[in-house]
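Inside the fold
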Amino acid sequence: QVQLVESGGGLVQPGGSLRLSCAASGLTFSANGMSWFRQAPGKERELVAHISISGMVTNYDDSVKGRFTITKDNTKNTAYLQMNSLKPEDTGMYFCKSWNDGHTDWGQGTQVTVYS
């Protein structure tokens, strides 16, 4: 019954910005942490950012620190990934994940392409 729907991906030039959204349903959003992952062609899926269940703690892959920000809005059951100063190496399919101590769910992804 859990559904995570990503949106906001697209085509952007290096140095540009995008904001990804992950709309969640079928879960108690306030009781779940959220994560964003990405996967480029020919590469493994990699963690981009985490936000804790409380929303008080975040962490990021070193490659995106200072450029990306993960947030969650419990009133809208939506997590976000604000991406600034985008680089070609940020290109990939971006997936959101909900998690708690007992369960994990994934969205289907949204494509981000950074070109020069």
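In case you missed it, the structure is sitting above this.
Everything in this summary refers to the structure shown in the same document. (Residues numbered from 1 in each chain as written. Predicted model: local features only at pLDDT ≥ 70, side-chain atom pairs only at ≥ 80, totals over all residues. Heavy atoms only, no water.)

1. As for the environment of glycine 109
Residue position: glycine 109 is located in the loop between strand S10 (104-106) and strand S11 (110-114). Owing to a relative accessible area of 22%, glycine 109 belongs among the partly exposed residues under this scheme. Apart from the residues lying within four places of it in its own chain, the contact partners of glycine 109 are Glu6, Met93, Tyr94 and Phe95. (Helix = DSSP H or I, 4+ residues; strand = E, 2+ residues; numbered from the N terminus. Buried < 20%, exposed > 50% of the residue type's maximum accessible area, 1.4 Å probe, protein only. Contact = heavy atoms within 4.5 Å.)

2. What to know about the packing of aromatic side chains
Applying the stated criterion across every chain, the model contains one aromatic pair. Taken together, a centroid distance of 4.9 Å and an interplanar angle of 55° make the contact between phenylalanine 37 and tryptophan 106 tilted. Linking phenylalanine 37 in strand S4 (residues 33-39) with tryptophan 106 in strand S10, this pair joins segments that are 69 residues apart in sequence. For phenylalanine 37, a relative accessible area of 12% puts it in the buried group. Take tryptophan 106: its relative accessible area is 35%, and that puts it in the partly exposed class. (Phe/Tyr/Trp six-rings, centres within 6.5 Å; stacked < 30°, edge-to-face > 60°.)

3. Observations concerning the state of the cysteines
All chains considered together, the criterion is met by one disulfide. Between cysteine 22 and cysteine 96 runs a disulfide, and the two sulfur atoms are separated by 2.0 Å. Between cysteine 22 and cysteine 96, the disulfide has an S-S torsion of 55° and is therefore right-handed. Pair noted here: cysteine 22 is in strand S3 (residues 18-25) and cysteine 96 is in strand S9 (residues 92-99), with a separation of 74 residues, a long-range link. Cysteine 96 carries the same exposure label as cysteine 22, and that label is buried. (Disulfide = S-S within 2.5 Å.)

4. Quick notes on the side chain of histidine 50
Among the secondary structure elements, histidine 50 is positioned in strand S5 (residues 46-51). Of the polar contacts made by the side chain of histidine 50, one reaches the side chain of serine 35; its length is 2.4 Å. Setting aside residues no more than four positions away along its own chain, histidine 50 makes contact with Met34, Ser35, Val57, Thr58, Asn59, Ile70 and Trp99. (Polar contact = N/O pair within 3.5 Å; in protein donor to acceptor, adjacent residues only side chain to side chain.)

5. A short note on the pattern of salt bridges
This structure, assessed with the given rule, holds four salt bridges. Among the ionic pairs, arginine 38 bridges to glutamate 46, the shortest N-O distance being 2.8 Å. The exposure class of arginine 38 is buried, given its relative accessible area of 5%. Owing to a relative accessible area of 34%, glutamate 46 belongs among the partly exposed residues under this scheme. Between arginine 67 and aspartate 90 there is a salt bridge, with its nearest N and O atoms 2.8 Å apart. With arginine 67 in the loop between strand S6 (58-60) and strand S7 (68-73) and aspartate 90 in the loop between strand S8 (78-83) and S9, the pair connects residues that are 23 residues apart, well separated along the chain. In this structure, a network of salt bridges that share partners links the residues Arg38, Glu46, Arg67 and Asp90. (Salt bridge = Lys/Arg side-chain N within 4 Å of Asp/Glu carboxyl O.)

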